[in-house]
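Notes for the structure review
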Amino acid sequence: MDPKLINDCVHCGFCLPTCPTYALWGEEMDSPRGRIHLMQQHVEGTPITPEMAGHFDACLGCMACVTACPSGVQYDRLIELTRVEVERHHVRPPQERAVRGIVFSLFPYPRRLRLLRPTMWLAERMAPFLARVHPSLGAMATLAPHVEHRQRLPRVVHARGERRAVVGMLTGCVQREFFPQVNAATARVLALEGCDVVIPPEQGCCGALSVHSGLDAQAKRLARGTVRVFERAGVDTVVVNAAGCGSTMKEYAELLGHEPAFRVMDLSEYLAELGPVAKRHPLPLTVAYHDACHLAHAQGVRAQPRELLRGIPELELREIPESAICCGSAGTYNLLQPQAARDLGDRKAAAVATTGADLLVSANPGCTMQIAAAVRRGGADIRVAHTAEVLDASLRGVTL
């Protein structure tokens with residue numbers, strides 16, 4: 001941990017109302033400035049105790065405090081460095097180690113996730129039993145989406161009409177295996193807007209889940225593999241449709257010590273920069289747009305997705321109250337801290353319900369699963385889709 005980064009915090013308290021865990025519990029040590037105080041204690045020689053590790057683990061890493069901070073504190077960097085320290089020096093209880101072992105030997109590996117697909121229909125029935133075994137296992141079952149048939153994408157999806165650009169596309173892990181329709185829609189939208197889309201089949205996990213959880217060696221190994229694949233593909237831009245992945249890939253220079261030979265852009269960010277050429281067909285829908293934390297706070301991408309949605313005829317965009325408060329997904333947070341995540345998910349679902357929208361639009365697979373599960377618990381009836389799916393339906397003139 002860098003003492004200079006720690007000393008940037010003047011403990012003003014502007015972060016408090018934006019912090020989800022402080023909003024839940026009102027506990028100073030579960031606020032950003034409280035956690036920074038604990039970081040300072042560790043730097044000054046205090047070993048990481050189980051209590052300290054618990055406060056660090058309880059942080060969602062949502063970066064809302066980074067947006068709110070008037071002093072420019074790099075809390076995102078601080079919590080990532082701190083979690084590396086926790087994983088190096090803190091000995092977790094055996095059951096906790098076992099659960100984390102399952103999560104991090106499964107979710108960063110698409111082929112292993114693929115083995116779960118045939119059993120997904122059982123998840124809802126098994127959830128009560130698994131929750132009795134361990135809350136994290138119950139959370140995994142509760143969050144499981146209804147998976148569509150796998151859609152194989154070619155190595156290259158060619159531009160429709162005049163070619164305006166060539167881009168790479170990250171397919172991801174959870175996105176690829178649990179939301180294949182989102183990747184297919186992303187490729188079609190880019191092609192309809194005049195892009196050749198290069199989709200290397202050998203790509204794997206970008207390392208985001210590992211970075212956010214302090215697994216430094218695994219994160220670097222996965223990141224190097226991703227860089228190698230896209231540099232070999234020869235693209236100068238990689239388009240990402242998952243907020244957490246995009247946030248991590250934009251920080252590869254910090255993680256790996258050198259800049260990749262390509263830039264990384266979120267899908268909405270790239271499309272807004274490229275500018276529309278394809279005809280938009282009407283979609284008579286009321287839509288509530290959810291700001292994924294790693295898109296809005298970590299990447300600063302807020303206006304672009306709204307601009308794209310407002311460009312669709314007959315679509316009405318509605319804002320969600322408390323939009324800056326995390327939904328509780330936060331990578332693997334809803335698996336490792338299931339009760340806090342559930343409380344935040346229910347809070348987000350209630351906020352979504354006040355909009356009266358027909359459709360909730362999210363730009364991150366974790367958020368989609370988290371909010372959809374909370375909506376189901378609340379008995380509400382609202383569909384959830386990715387920004388790419390909405391654009392795809394409008395460009396092709398089909399219903400969503």
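What comes next is a walk through the structure. (Residues numbered from 1 in each chain as written. Predicted model: local features only at pLDDT ≥ 70, side-chain atom pairs only at ≥ 80, totals over all residues. Heavy atoms only, no water.)

1. Some points on the pairing of strand β9 (residues 383-386)
Going by this rule: Following DSSP output, two strands are said to pair if at least two bridges run between them. The helix and strand labels rest on DSSP assignments: H or I over at least four residues marks a helix, E over at least two residues marks a strand, and numbering proceeds from the N terminus. Here the term right-handed applies to a crossover when the path leading from its first strand over the helix to its second strand runs clockwise, the strands being oriented away from the viewer.
Pairing of strand β8 (residues 359-362) with β9, which is carried by four bridges, proceeds in the parallel orientation. If you follow L360 over to β9, its bridge partner there is V384. A crossover links β8 with its parallel partner β9, the connecting element being helix α22 (residues 365-377), and its sense is right-handed.

2. Overview of the nonpolar core
Formally: Nine residue types can take part in a nonpolar core, namely buried Ala, Val, Leu, Ile, Met, Phe, Trp, Tyr and Cys, and a core is a set of them joined through side-chain atoms within 4.5 Å. We call a residue buried when its accessible area falls under 20% of the maximum for its residue type, exposed when it is over 50%, and partly exposed in between, using a 1.4 Å probe and counting protein chains only.
Formed by 55 residues in total, the largest nonpolar core has its most connected members in L190, C195, V197, Y270, V287, L309 and V390. Counting 26 residues, the second-largest nonpolar core is a separate cluster that includes A127, F179, L335 and M369.

3. What to know about the sheet that holds strand β3 (residues 195-198)
As a reminder of what qualifies: Throughout, a residue-residue contact means that at least one pair of heavy atoms, one from each residue, lies within 4.5 Å. What counts as an axis is a line fitted to C-alpha atoms, over the stretch in contact for a helix, and the angles between N-to-C directions run from 0 to 180 degrees.
Spatial ordering of the open sheet is given by β1-β3-β2-β4-β5, a layout of five strands whose pairing is mixed. The strands lining the two open edges of the sheet, one partner per strand, are β1 (156-157) and β5 (263-266). Note that strand β2 (residues 165-169) and β3 share four bridges and pair parallel. Opposite V167, over in β3, you have V197 as the bridge partner. Each of β2, β3, β4 (237-240) and β5 touches helix α17 (residues 267-274); the most contacted strand, β5, lies at about 95 degrees to it.

4. Some thoughts on the sheet that holds β9
The four strands are arranged β7-β6-β8-β9 in an open sheet whose pairing can be described as parallel. Across the chains shown, the open sheet's two edge strands, defined by having one partner strand only, are β7 (316-318) and β9. Sheet twist, expressed as the average angle between the axes of neighbouring strands with direction ignored, equals 35 degrees. With three bridges joining them, strand β6 (residues 286-289) and β8 adopt parallel strand pairing. Its bridge partner being in β8, V287 is matched across the sheet by L359. Sheet strands touched by helix α23 (residues 387-396): β6, β8 and β9. Its angle to β9, the strand with the most contacts, is close to 85 degrees.

5. A few points about the environment of V156
Structurally, the position occupied by V156 is in strand β1. Sequence separation of V156 and G101 is 55 residues, and the distance between their C-alpha atoms is 35 Å.

6. Here we look at the state of the cysteines
As used here, a disulfide is simply a covalent bond connecting the sulfur atoms of two cysteines. Formally: In this description, a disulfide is simply a cysteine sulfur pair whose atoms lie within 2.5 Å.
Tallied over the full model, the rule gives zero disulfides. With no disulfide partner, C19 has as its closest neighbouring cysteine sulfur the one in C62, 6.5 Å distant. Lacking any disulfide linkage, C173 is separated from the closest cysteine sulfur, that of C205, by 3.7 Å. We classify C173 as buried; its relative accessible area is 8%.

7. A short note on helix α21 (residues 338-353)
Applicable threshold: Here the expected length of a helix is defined as 1.5 Å per residue gap, with one fewer gap than residues. Regarding the arc, it is the one traced by the directions from the helix axis to the C-beta atoms.
Look at α21: 22 Å from first C-alpha to last across 16 residues, which is about the 22 Å you get at 1.5 Å a residue. Within the sequence span of α21, burial applies to A340, A341, L344, G345, K348, A349, A351 and V352. In a view along the axis of α21, the buried residues occupy a sector of 170 degrees, so they form one face of it. Exposed residues on α21 whose side chains face more than 90 degrees from its buried face are Q339 and A353. Residues of α21 that are buried sit in contact with α2 (20-25), α20 (333-336), β8 and α22.

8. A closer look at unusual backbone geometry
Glycine aside, residues mostly have negative phi angles, and peptide bonds mostly take the trans form. Positive phi is not limited to glycine here, since H11 has a value of about 55 degrees. Mapping H11 onto the fold places it in the loop between α1 (3-7) and α2. With a phi angle near 70 degrees, M63 is a residue other than glycine that sits in the positive phi range. Along the chain, M63 falls in the loop between α4 (50-57) and α5 (64-68).

9. Digging into the packing of helix α12 (residues 180-192) against α23
Rules: When describing relative orientation, an angle under 35 degrees is termed roughly parallel and one over 145 degrees roughly antiparallel, while 65 to 115 degrees is termed roughly perpendicular and anything else oblique. Crossing handedness is read from the near helix: turned anticlockwise from the far helix by less than a right angle, it gives a left-handed crossing, and turned clockwise, a right-handed one. Gly counts as polar in this scheme, as do all residues outside two lists: the nonpolar Ala, Val, Leu, Ile, Met, Phe, Trp, Tyr, Cys and Pro, and the charged Asp, Glu, Lys and Arg.
Following both chains from N to C, one finds α12 and α23 inclined at 50 degrees, their axes separated by 8 Å at the closest point. Between α12 and α23, the crossing angle belongs to the class labelled oblique. Where α12 crosses over α23, the handedness of that crossing is left-handed. Residues Q181, V182, A185, T186, R188, V189 and L192 of α12 form the contact with α23, whose participating residues are A388, E389, L391, D392, L395 and R396. The residue makeup of the contact of α12 with α23, split by class, is seven nonpolar, two polar and four charged.

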